[in-house]
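For reference, the chains in residue letters:
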Amino acid sequence: MSFQSLGLSEALLKAISKKGYTTPSPIQAKAIPPVLEGHDVLASAQTGTGKTAGFTLPLLHILSENPKQKFRPIRALILTPTRELAAQVYANVKEYSEFLNLRSAVIFGGVNQKPQAATIRQGVDVLVATPGRLIDLESQGLLSLKRVEIFVLDEADRMLDMGFLRDIERVMKLMPDKRQNLMFSATFSKDIKKLAQGILNRPVQVEATPENSTVDAIKQKIYRVAKAKKTDLIIKLITDGNWKQVLVFTRTKHGANKLVKKMISDGIKAAAIHGNKSQGARTKALAGFKSGSISVLVATDIAARGLDIPLLPHVINYEIPNISEDYVHRIGRTGRAGANGEAISLVSADETTFLRDIQKLIGMKLPVEILEGFEPDPNASTAPIKPGQNRRNQSRNNKPKGEKNKSKSNTTSNSGGRNRSRNRNRSNDRRSNS
Ligand code: AMP
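Residues numbered from 1 in each chain as written. Predicted model: local features only at pLDDT ≥ 70, side-chain atom pairs only at ≥ 80, totals over all residues. Heavy atoms only, no water.

A. Structural detail: the site of the ligand. Around the ligand, the structure places 14 residues, and the nearest of them are Y21, Q28, G48, G50 and T52. Contact between the ligand and Y21: an oxygen atom at 2.5 Å from a side-chain N or O atom of the residue. Here a nitrogen atom of the ligand sits 2.8 Å away from a polar atom, N or O, in the main chain of T23. Contact with the protein chains covers 83% of the free accessible surface of the ligand, which is 490 Å². (Near = heavy atom within 4 Å. Polar contact = N/O pair within 3.5 Å; in protein donor to acceptor, adjacent residues only side chain to side chain. Areas by Shrake-Rupley, 256 points an atom, 1.4 Å probe, with all protein chains shown as cover.)

Here it is as structure tokens:
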């Protein structure tokens, strides 16, 4: 299968070859033809599969086939959950449209709206946006979605996780009823299916597993270690291995900051990326990580979502996620685009239940390593971390044992409270992301 055979225009083929792509990825091969035919598409694909080109290339093809309109109304809207993802998708749109007469722009919160509004006023064909800023500018009369022909909802599952359902519904009402819709999601929960029913019209369904599914190309292992020794262990692994590009996941923003501080004091070039960081700081950290001036990027799940860091050799879970699916998202950052990578998880006794859930989800037992001096504490409690300890939430499907019979005053010990707690955390991240 070649890009030529997919029916893309010469101008797009030129941009693709400039990017160095030789063959379409599975999701591209499956999604591009139905999009070009004008169908609505529901695609199951996560970051790392080449999904961005999967919707961007045919979208640009369709727009460039039709003559440009005088005042360049927004004809394609790509909605993404986070600022970073919006910036990345936009960078892709720019590259792929280099040889086309199409204009594009990106808008997201956390930065001055004036330059964004000025760009839109000059006319853009393709707009990449996060929901908050999009609605903001629309309600100020600074942009109109009345001429949108193609709507892309990227990372729909994360959109819902971050509490964007209402915003999506609002955006839908701002666009004309007759339009082509593309929806991408890594997972397909009941909520996602419901959302898809509300957005898509007789969609063609396509599916692609990541090129490197967790079971094969990514080398995974865990270190059983006492909680108090995690920081020393991670620093030892990074310095002994002389690792130059490591993505580390922590559970909390505070934890990320603390770890970075310690690493810097140990001479490691590290930076944190999370919802409390300004957009400028986040962009700088990511750019430094990509260019090599920063070796360790410490991130929370939501901040890291959708980051395009090609060929990442090492991912470390400083804490393993309590939502099992997040483990798959996290380790999907390594060994991308065909290269092998390594995913290491530091697991303390209180994370045993989460580990079990993850192993159940990925269908394999993760090999355990124990490093001398970092042996797990044999007397440590294996009781799971309590919600009051700021764990984002228990696994989506499995409530860890020991959750019952907690103090009645702990509102997060029943499912309603748990969801409230989770939504609160999600909406904090939402505000700081959009
Ligand atoms: P995405 O899933 O869109 O975030 O893409 C993941 C990575 O794969 C990005 O670094 C892309 O530049 C790269 N990529 C996308 N399509 C291809 C392709 N056909 N061949 C090689 N690399 C690709």
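Further notes follow.
B. Region of interest: the sheet that holds strand 11 (residues 296–299). Spatially, 10-11-9-12-13-8-14 is the arrangement adopted by the seven strands of the open sheet, whose pairing is parallel. Both outer strands of the open sheet, strand 10 (270–273) and strand 14 (368–369), are each paired with one neighbouring strand and no more. Alignment of strand 12 (residues 314–317) against strand 13 (residues 341–347), held across four bridges, turns out to be parallel. Counted as the bridge partner of V315 is A343 from strand 13. Sheet contacts for helix 10 (residues 230–241): strand 8 (218–224), strand 9 (246–249), strand 11, strand 12 and strand 13; angle to strand 13, the most-contacted strand, approximately 160 degrees. Where helix 14 (residues 324–331) meets the sheet, it contacts strand 8, strand 9, strand 12 and strand 13, and its direction lies at approximately 155 degrees from that of strand 12. (Pairing = 2+ DSSP bridges. Helix = DSSP H or I, 4+ residues; strand = E, 2+ residues; numbered from the N terminus. Contact = heavy atoms within 4.5 Å. Axes fitted to C-alpha atoms, helices over the stretch in contact; angles between N-to-C directions.)

C. The arrangement of the packing of aromatic side chains in detail. In the structure shown here, the tally under the stated rule is two aromatic pairs. The cationic tip of K14 hangs over the ring face of F99; the distance from NZ or CZ to the ring centre is 4.2 Å. A cation over an aromatic ring shows up here: K230 above the ring of Y318, its NZ or CZ 5.9 Å from the ring centre. (Phe/Tyr/Trp six-rings, centres within 6.5 Å; stacked < 30°, edge-to-face > 60°. Lys NZ or Arg CZ within 6 Å of the ring centre and 35° of its normal.)

D. How the structure looks around the pairing of strand 4 (residues 126–129). Covered by surrounding structure in strand 4 are V126 and V128 together with L127 and A129, the residues of both alternating faces. Across four bridges, strand 2 (residues 76–79) lies against strand 4 in parallel orientation. What sits directly across from I78, in strand 4, is V128. Of the crossover connections in this fold, the one passing from strand 3 (residues 104–107) over helix 5 (residues 113–121) to the parallel strand 4 is right-handed. (Buried < 20%, exposed > 50% of the residue type's maximum accessible area, 1.4 Å probe, protein only. Right-handed = clockwise from strand over helix to strand, strands pointing away.)

E. Helix 5, seen in detail. Every buried residue of helix 5 is listed here: Q116, A117 and I120. Buried residues along helix 5 cover an arc of 95 degrees about the axis, so they all sit on one side. Turned more than 90 degrees away from the buried face of helix 5 sit K114 and R121, all of them exposed. One side-chain oxygen at the N-terminal end of helix 5 lies 2.9 Å from the backbone nitrogen of K114; it belongs to N112. (Arc of directions from axis to C-beta.)

F. Representation of the pairing of strand 8 in the model. Burial analysis of strand 8 places five of its seven residues in the buried class, which makes it a mostly covered element. In this sheet, strand 13 lies alongside strand 8 in parallel orientation, the contact comprising seven bridges. Among the inter-strand pairings, K219 is bridged to a residue of strand 13, identified as E342. As paired elements, strand 8 and strand 14 share two bridges and run parallel to each other. In the strand pairing of strand 14, I222 is matched with V368.

G. Representation of the side chain of R72. Position of R72 relative to the elements: it lies in the loop between helix 3 (51–65) and strand 2. Among the polar contacts listed, one links the side chain of R72 to the side chain of D125, at a separation of 2.5 Å.

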